[in-house]
Structure formats: C-alpha cells, structure tokens
Amino acid sequence: MLIFKPKQLNWAMFFLLGLGYFNVISHLEINYFFKNLIAIAPIQVAAIIYVTYRRWNCQPPVGELKIKN
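Each chain has its residues counted from 1, following the order in which its sequence is written. The predicted nature of this model means local features are confined to residues of pLDDT at least 70 and side-chain atom pairs, given and counted, to a pLDDT of 80 or more, with totals for whole chains, interfaces and linings taken over all residues. No hydrogens and no water enter the side-chain calculation; it runs on all heavy atoms of the structure.

Participant: Would you mind going over the overall build of the protein chain with me for this structure?
Facilitator: Looking only at helices and strands, one finds 2 helices and 0 strands in the protein chain. Buried residues in the protein chain amount to 4% of all 69 residues. Only the protein chains shown count as cover for residues, with accessible areas throughout obtained via the Shrake-Rupley method and a probe of 1.4 Å. Total accessible area computed for the protein chain in this model is approximately 7100 Å², and 71% of it derives from carbon and sulfur atoms. What counts as a helix is a DSSP run of H or I of at least four residues, what counts as a strand is a run of E of at least two, and both are numbered from the N terminus. When a residue's accessible area, from a 1.4 Å probe over protein chains only, is under 20% of the maximum for its type it is buried; when over 50% it is exposed; and in between it is partly exposed.

Set out below in structure tokens:
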C-alpha cells in the first residue's frame, strides 16, 4: 500500500488546485489581456508572500543582535 507523506499531499493538492484554476480561467470569455492578468495574479501573490515571509523570519548573523525600535 502506498503511504503518502504530508509534503507530497500538499504538492498534490496545490497541483490539482492550480489545474482547476487555470482550467476555469481558460474558459472565461473576457478580453485576452485581462485573462492573462487574472491567470498570473496568484503566482504574483504567492511570490510576494514568499519574499515577505523570508524577510520577516530571517535570523541575524551569529554574534550580531537585532536592533529593536
């Protein structure tokens, strides 16, 4: 019997969600330019969240203290 790890289940869920999202977007009858903007929006939002998460959770170098304002 196959045993799936939580990380594999997350990737499968994101894959199916993305597949469904782009399938719905491709069937929308709107302007081609706006369709492309809507299709790429989740990728842009995910990139912004990733970058801000990495910046807020970065650790200071060893021997250096964080300055609190």
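Participant: What exactly am I supposed to notice about the packing of aromatic side chains here?
Facilitator: Each aromatic ring pair is characterised by the separation of its centres together with the angle its planes make. Whether two aromatic rings pair depends on their centres lying within 6.5 Å, for rings of Phe, Tyr and Trp, where Trp uses its six-membered ring; planes under 30 degrees apart make the pair stacked, over 60 edge-to-face, and the rest tilted. In the structure shown here, the tally under the stated rule is 2 aromatic pairs. Geometrically, the ring pair formed by Tyr-21 and Phe-22 is edge-to-face, given 5.3 Å between the ring centres and 80 degrees between the ring planes. Judged by its relative accessible area of 28%, Tyr-21 is partly exposed. Centroid distance Phe-33 to Phe-34: 5.7 Å. Interplanar angle 65 degrees. Geometry classified as edge-to-face.

Participant: I'm lost on a nonpolar patch on the surface in this one. Help?
Facilitator: A contiguous nonpolar surface patch, about 530 Å² in accessible area, is contributed by Leu-28, Ile-30, Phe-33, Phe-34, Leu-37 and Ile-38. Residue classification places Phe-33 among the exposed residues on the basis of a relative accessible area of 51%. Grouping into patches uses exposed residues only, defined as over 30% relative accessible area, and leaves out salt-bridged ones; the cut-off is 9 Å for like charges and 5 Å for nonpolar side chains (Val, Leu, Ile, Met, Phe, Trp, Tyr). By definition, a salt bridge exists where a carboxyl oxygen of Asp or Glu is found within 4 Å of a side-chain nitrogen of Lys or Arg.

Participant: I would appreciate a short explanation of helix H2 (residues 32–56) in the present structure.
Facilitator: Expected helix span is taken as 1.5 Å per residue step, with the number of steps being one fewer than the number of residues. The terminal C-alpha atoms of H2, which comprises 25 residues, lie 37 Å apart, in line with the 36 Å expected from a rise of 1.5 Å per residue. Along its length, H2 shows its largest kink, about 35 degrees, at Ala-41, and proline Pro-42 lies within four residues downstream of that point. Two axes define the bend at a residue: one fitted to the seven residues ending there, one fitted to the seven starting there, and the bend is the angle between them.

Participant: Just to check I follow, could you spell out the side chain of Lys-35 for this structure?
Facilitator: Looking at where Lys-35 falls in the secondary structure, it is placed in helix H2. One buried charged residue, Lys-35, forms no salt bridge at all, with the nearest opposite charge on Glu-29 at 8.1 Å. In what follows, residue pairs with any heavy atoms lying within 4.5 Å of each other are defined as contacts. Ignoring anything within four residues of it in the chain, the contact list for Lys-35 reads Ile-25, Ser-26, Leu-28 and Ile-30. For the charge count, each Lys or Arg is scored as positive and each Asp or Glu as negative, with His and the chain ends excluded.

Participant: Would you explain the packing of helix H1 (residues 6–26) against H2 in this entry?
Facilitator: Packed helices, taken two at a time, are described by their axes: the angle between them and the distance between them. Axis lines are fitted to C-alpha atoms, over the contacting stretch for helices. Their N-to-C directions set the angle, which ranges from 0 to 180 degrees. Between H1 and H2, the shortest axis-to-axis distance is 10 Å and the interhelical angle comes to 165 degrees. On the basis of the axis angle, H1 is roughly antiparallel to H2. Crossing of H1 against H2: the hand is right-handed. In contact with Tyr-21, Phe-22, Ile-25 and Ser-26 of H1, H2 contributes Lys-35, Ile-38, Ala-39, Pro-42 and Ile-43. Polar here means any residue other than Ala, Val, Leu, Ile, Met, Phe, Trp, Tyr, Cys and Pro, which are nonpolar, and Asp, Glu, Lys and Arg, which are charged; Gly is therefore polar. Here the contact of H1 with H2 is composed, by residue class, of 7 nonpolar, 1 polar and 1 charged. Angle categories are assigned with fixed cut-offs, so that under 35 degrees is roughly parallel, over 145 is roughly antiparallel, 65 to 115 is roughly perpendicular, and the rest are oblique. Take the far helix as the reference: if the near one is turned anticlockwise from it by less than a right angle, the crossing is left-handed, and if turned clockwise, right-handed.

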